[in-house]
Amino acid sequence: MPNPTGNTYLQANLNYTWTDGDVYELVQTDTVEAAATGASFGGLGVVNQPHQALLNKINYLHSKQLADEAAIASLQSLSNLISSAVGVNGWLKLGANDVNLGQIQLIIQWGTISLLSFGGPSGQLPTTLPFSFPLAYPNACWMLIPYWQSNTTSTFMPTTGMPIAAVTPLVKQGNQIAYGNVQKQIAYGTTPGLTGIGWVALGY
């Protein structure tokens, strides 16, 4: 409510730093001294000093409250950008404040392309194998790393004569993995060998 006896209001000290004990009790023996030129505490007077300290503390806490609320709102918006779908083929979305792109969602995806249907005496594996991500990247795919999967540690594992690579340029959906002649290395029935091509991708 407005001041009932005048129009002079205390102003908070915006440079106030927290100080313990600066709000004190006025005791019976204290001098009653209001604001005036030459009064104590820079002209505030004894009776106004506790009020000024309380105002400073309230303003200090309020400024910290606003900063905290802004930080909490930012964290909440980022937490809403964290989600996942785990499994053999899955993805993980992570919110980030990127120094180049601003607020984005990094998307890490992974999966397996089975080779078991290509195994056996009559099987034929194409030299490139197209596949789709669980999620199409909204903006770009930066990285795609393929790797062999096998059910054995024997000589059926890939050698230097069996390269594997991601076909570039990478696109947001519908990429390809290329490889060398691996037909004799594919697992078939109880025969050990290659079982699939695993991959990990990163984009946003």
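What this report covers is the structure whose coordinates are included nearby.

Criteria and cut-off values
- Residues numbered from 1 in each chain as written.
- Predicted model: local features only at pLDDT ≥ 70, side-chain atom pairs only at ≥ 80, totals over all residues.
- Heavy atoms only, no water.
- Helix = DSSP H or I, 4+ residues; strand = E, 2+ residues; numbered from the N terminus.
- Contact = heavy atoms within 4.5 Å.
- Pairing = 2+ DSSP bridges.
- Axes fitted to C-alpha atoms, helices over the stretch in contact; angles between N-to-C directions.
- Core = buried A, V, L, I, M, F, W, Y, C linked by side-chain atoms within 4.5 Å.
- Buried < 20%, exposed > 50% of the residue type's maximum accessible area, 1.4 Å probe, protein only.
- Phe/Tyr/Trp six-rings, centres within 6.5 Å; stacked < 30°, edge-to-face > 60°.

### A word on the environment of Val23
Here is step 1: Following the sequence through the fold, Val23 ends up in the segment before α1 (49-79).
Here is step 2: For Val23, the residues in contact, after removing those within four places along its chain, are Pro50, Ala53, Leu54 and Lys57.

### Re the sheet that holds strand β7 (residues 175-179)
Here is step 1: Across the sheet, 3 strands lie side by side as β4-β7-β6; this open sheet has antiparallel pairing. Taken across any chain shown, the strands that pair with only one partner, and hence form the sheet edges, are β4 (128-131) and β6 (164-166). Pairwise comparison of adjacent strand axes, ignoring direction, gives a mean angle of 25° for this sheet.
Here is step 2: Where β6 and β7 come together, 3 bridges link them in antiparallel fashion. Along β7, the bridge assignment pairs Ile164 with Tyr179.

### As for the nonpolar core
General note: in soluble globular proteins, nonpolar side chains tend to be found buried as a group.
Here is step 1: Grouped together as the largest cluster of nonpolar side chains are 20 residues, with contacts concentrated most on Leu115, Phe133 and Trp199.
Here is step 2: Elements that contribute at least two residues to this core include exactly β3 (102-114), β4, β5 (141-150), β7 and β8 (194-203).
Here is step 3: Contacts of Phe133, omitting those with residues within four sequence positions, involve Gln109, Cys141, Leu144, Val171, Lys172, Gln173, Asn175, Trp199 and Ala201.

### Some thoughts on the packing of aromatic side chains
Here is step 1: A complete count under the given rule lists 8 aromatic pairs for this structure.
Here is step 2: Measuring from ring centre to ring centre gives 5.6 Å for Trp18 and Tyr60, while their planes differ by 50°; the resulting arrangement is tilted. One end of the pair, Trp18, is in the segment before α1; the other, Tyr60, is in helix α1, and 42 residues separate them in sequence.
Here is step 3: By the ring-pair criterion, three or more aromatic residues cluster together here, those being Phe131, Phe133, Tyr137 and Trp199.

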